[in-house]
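So the chains spell out like this:
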Amino acid sequence: MRLAIFLLIFCIFEYALTVDQTNFKTCDQSSFCRRCRKVKPDNPKFALVPGTLNTYSDSITADLIHKDNKHLFSLKLEALEQSNTFRLLVDEKTPLKPRYKVQDALKSTPKPGSIKVHEGDTEFTINSGPNKAVVTADPFRVDFYQNDILTVSVNAKGLMTFEHLRPKPQQPAEGENAENPAANVVKEAYEIDDPGAWEENFKSHHDSKPYGPEAIALDFSFPEAEVLFGIPEHADSFALKSTSGTDPYRLYNVDVFEYIIDSKMALYGSVPVIYGHGTQRTAGVFWHNAAETWVDIYTAEKNVVSSIVNFVSGSRKSDPPAAHFMSESGIIDTFIFLGPTPLDVFKQYTSLTGSAPLPQIFALGYHQSRWNYNDERDVEDVSAKFDEYDIPMDTMWLDIEYTEGKKYFTWDPFKFPNPLGMIKNLTDVGRHLVVIIDPHIKRDSGYFFHNDCTERGYYTKNREGNDYEGWCWPGSASYPDFFNPEVRAYYASQYLPSNFKTVTADVMIWNDMNEPSVFNGPEVTMLKDLVHYGNWEHRDVHNLYGHMHVMGTFEGLLNRDANQRPFILTRAHFAGTQRYALIWTGDNMAEWGHLQHSIKMCLSEAVAGFSFCGADVGGFFGNPDAELFERWYQTGAFLPFFRGHAHIDTKRREPWLFPESTRLVVRDALRKRYSYLPLWYTMFYEHELTGEPVVRPLLAHYPKDKEGFTIDNEFLLQDRLLVRPVTEQGVSKVNVYFPAIDDKKTGDVWYDVDTFKKYTNAGYQSILVDSYKIPVFQRGGTIVPKKERIRRAATLMKNDPYTLVVCLNSAGKAEGTIYLDDEKSYNYRKGEYNYINMKFENNVLDVNFIGKPNFKTAAWIERVVIAGLGRIPKSATLIIDGASQELEILPHGEGVAVRKPGISVQQIYNIRLNF
């Protein structure tokens, strides 16, 4: 009977969870959002308490007071040792209980720097190098300046909210004197009269809210900005839209099937960092809070009248763009980044939360997945078919059906009786396997993991102190409390070879459904009044649950093999999760709009620390036609994470199941991806080194070009490639925007990577496309490393020769880098790598090392392609240690190729062109 009920529920969910938006709250259905949004501008409630200012060498503290209810709060403001960053903290001065402060998102505790404080009658100034923070006492406000230019204002709109903890109201006894103390308690508690303040219902779910209202909110204005962007994850445009008349953007990790596009709805990840960008500077704010959060966006212009006034007066705008962050609980803990450039502000954020570590080379190749490959024979046949059709592929993936009854760390004994043999068949040909491990644990008395968690008290608890029980893929399930270090250590230990005996150290992990997804929970997730380690409510830590899950996985893979870089894909994520895992955009659909949004979403994630991002190629739901399938592979080939994946109910869609014409187009896109693996590997090394995104919006390098601020159908790979995939149906040409380097519309030099045709004008250019064409352009002034001998897997290309593509700028110069190591271990952190700088100037290519070369390799330079020369050289001369050798020059598209220098990448050399 129980099985029948489960199957019925399963079927209901299979057909009902197709983004019924009524399953998810609006702001008006969320009491704290409703309350925060009712706060009106220009009626600020907070002021500094006179005489409470304390100054220290690295910070100031003071008391804040709510002017209506007289509750006191403590303020701390510090300038950080890292450049151009401030931190502002506000907490209750004497809370009834401690309020939650986010743990584990930052890579380490930020170090404050030295400051100087100048006090005035109504305000005081904190100086830190070229920066200062001017604090106004009443009404409370903080203005952040860089070089005397106002860059970010805090509470300029007066929308600050801080609901202090208070006793739960008790109804007075009949006839009780209204002047007695009990009545006064009731009066204070009822200052907030919203019906959801003390308990709240949504559909059939009840939230007991034992601690009552505890929302916080603060507004941030960006006086120098024209556009705001950030706060992923949303299936929306890169540039944030005004929320006037709509719901705010929501940050609340939830499982959304078949999400809709052009929407501010919450999705699987929440990264509360926002940026404001204008032609003169870029600034940012990181809202360090893991509770449910809504963000209102105010754009620069309010209405036609204000636009006319601005035009007549000559002012740039009336009100600058602003964001209003509203969170359900926690404290105000926010970081202010003063830039001044886009790359500066991105690095200021990742210096706090970390950059993604350099992945193994296989991770940057192509991944083949579906829910689900049927059995061992199916896995082996698919792998063999890639070889039969000469299509490169690095990794096979297995979804939940590989397990025995959806119990993780087990295998179905009938479908996968010999997993070690299957794994060996893949690794023998240079490939890898990834298997899924989700956080829902089947409540089965015959399952060791469930029994251990039950006996040791490792599950998340309900408010009565019992193990929480929800429903997910296994049916009845409970959820480990990953906030408990002991639970994470236990979970991590399951990856040890002595425990998970049916995998090898080369098998990597996919963490899905870790928002956490609870099919019968409110908004398909956990109840907010569940209790975690440390007696924190789930409402305090919700957006961190997947982060803590991934931390445990990362620890497990490191313990399994300390010298192999873990590969983990996660769906749920928070600020800092990029230190452990990569992400994808979740349950998308086989539609052109979803293809287009894969770029928009990954751009937003990249500026929020998640460079290693991709989308399910072809769409998770539905069946793409041949054209969409082809164009999606061509797009995926230039996004960092490149995986084909599909729902269990879709048609099989391996490339050879389409007509030959489609298979050849897909094969061509995959081969193009593999040719650029040296560039991808170098970019990810440099990302770990600097924190700068791998995938970048146009404004990252063209900050003065207003036309490019909102463009999100093309993107940059570092400053080397401009990619504008074909994401429209049935087109024979696309408009490519070449950005301007200044306000005079001066363009860079760009070269089509297929023909080396040169483009020098800024603005839109119409580019012809056939079914094979991916419009990609290399910037003049860069040198890109490639490998053009494509093998079945990236792991087999380690010693293959390099091609260097030199594209000259208008001055006839170019520069680039190559990074190489063993592509698998952490030995590079011990100095075992080669990092190579290449410069072309005055018709000479000079190649030298950055730092000391300490990695032996058989790889060599096979070809040097040069585009942008004014005339064709007669020959070239290779010079090594004073010895010279003549080299042949051949035509190569609209460029030339220096044929077979044959020099090891371990040597210093130069190549001189002879005219």
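Our subject is the structure that appears above.
What comes next concerns the included structure. Keep in mind it's a predicted model, so treat the numbers as computed, not measured. (Residues numbered from 1 in each chain as written. Predicted model: local features only at pLDDT ≥ 70, side-chain atom pairs only at ≥ 80, totals over all residues. Heavy atoms only, no water.)

## Side note on the sheet that holds strand E35 (residues 613-614)
With parallel pairing, nine strands are arranged side by side in an open sheet as E35-E34-E32-E29-E25-E24-E23-E37-E36. Edge positions in the open sheet fall to E35 and strand E36 (616-617), since each of these has one partner strand only. Pairing geometry for E36 and strand E37 (residues 642-644), over two bridges, is parallel. By the bridge assignment for E37, Val617 is matched with Gly644. (Pairing = 2+ DSSP bridges. Helix = DSSP H or I, 4+ residues; strand = E, 2+ residues; numbered from the N terminus.)

## Here we look at the state of the cysteines
By definition, a disulfide is the covalent link that joins the sulfur atoms of two cysteine residues. Evaluated as defined, the whole model comprises two disulfides. In this model Cys27 forms its disulfide with Cys33; the gap between the sulfur atoms is 2.0 Å. When the S-S torsion is -100°, as for the bridge of Cys27 with Cys33, the disulfide is left-handed. You'll find Cys27 and Cys33 in the same group, each marked buried. In this model Cys602 forms its disulfide with Cys613; the gap between the sulfur atoms is 2.1 Å. Here the S-S torsion is close to -75°, and the disulfide linking Cys602 with Cys613 is therefore left-handed. Here Cys613 lies in strand E35 and Cys602 lies in helix H12 (residues 592-606), a separation of eleven residues in the sequence. The same class applies to Cys602 and to Cys613, which are both buried. Along the protein, the cysteines that take part in disulfide bonds pair up as 1-2, 3-4, counted in sequence order. Cys36 forms no disulfide, and the closest cysteine sulfur to it belongs to Cys33, at a distance of 7.1 Å. The closest cysteine sulfur to the non-disulfide-bonded Cys472 is located on Cys453, 15 Å from its own sulfur. For Cys472, a relative accessible area of 1% translates into the label buried. (Disulfide = S-S within 2.5 Å. Buried < 20%, exposed > 50% of the residue type's maximum accessible area, 1.4 Å probe, protein only.)

## Side note on the nonpolar core
For soluble globular proteins, the rule of thumb is that nonpolar side chains tend to be buried together. Within the largest apolar cluster, 171 residues are counted, with the highest numbers of intra-cluster contacts made by Leu398, Trp411, Leu433, Phe638 and Leu721. If we skip the residues at most four places from it in the chain, Trp411 touches Leu398, Tyr402, Thr403, Glu404, Phe416, Pro419, Met422, Leu433, Val435, Phe500, Thr502 and Val503. One finds Phe46, Ala62, Leu77 and Ile216 within the second-largest nonpolar core, a separate group that totals 45 residues. (Core = buried A, V, L, I, M, F, W, Y, C linked by side-chain atoms within 4.5 Å. Contact = heavy atoms within 4.5 Å.)

## What about the sheet that holds strand E45 (residues 776-779)?
Reading across from one edge, E38-E39-E40-E45-E42-E43 is the order of the six strands in this open sheet, with antiparallel pairing throughout. Of all strands in the sheet, those bounded by a partner on one side alone are strand E38 (695-696) and strand E43 (758-759). In terms of strand pairing, strand E42 (residues 750-752) meets E45 through three bridges, oriented antiparallel. Looking at the pairing, Tyr751 lines up with Gln778 of E45.

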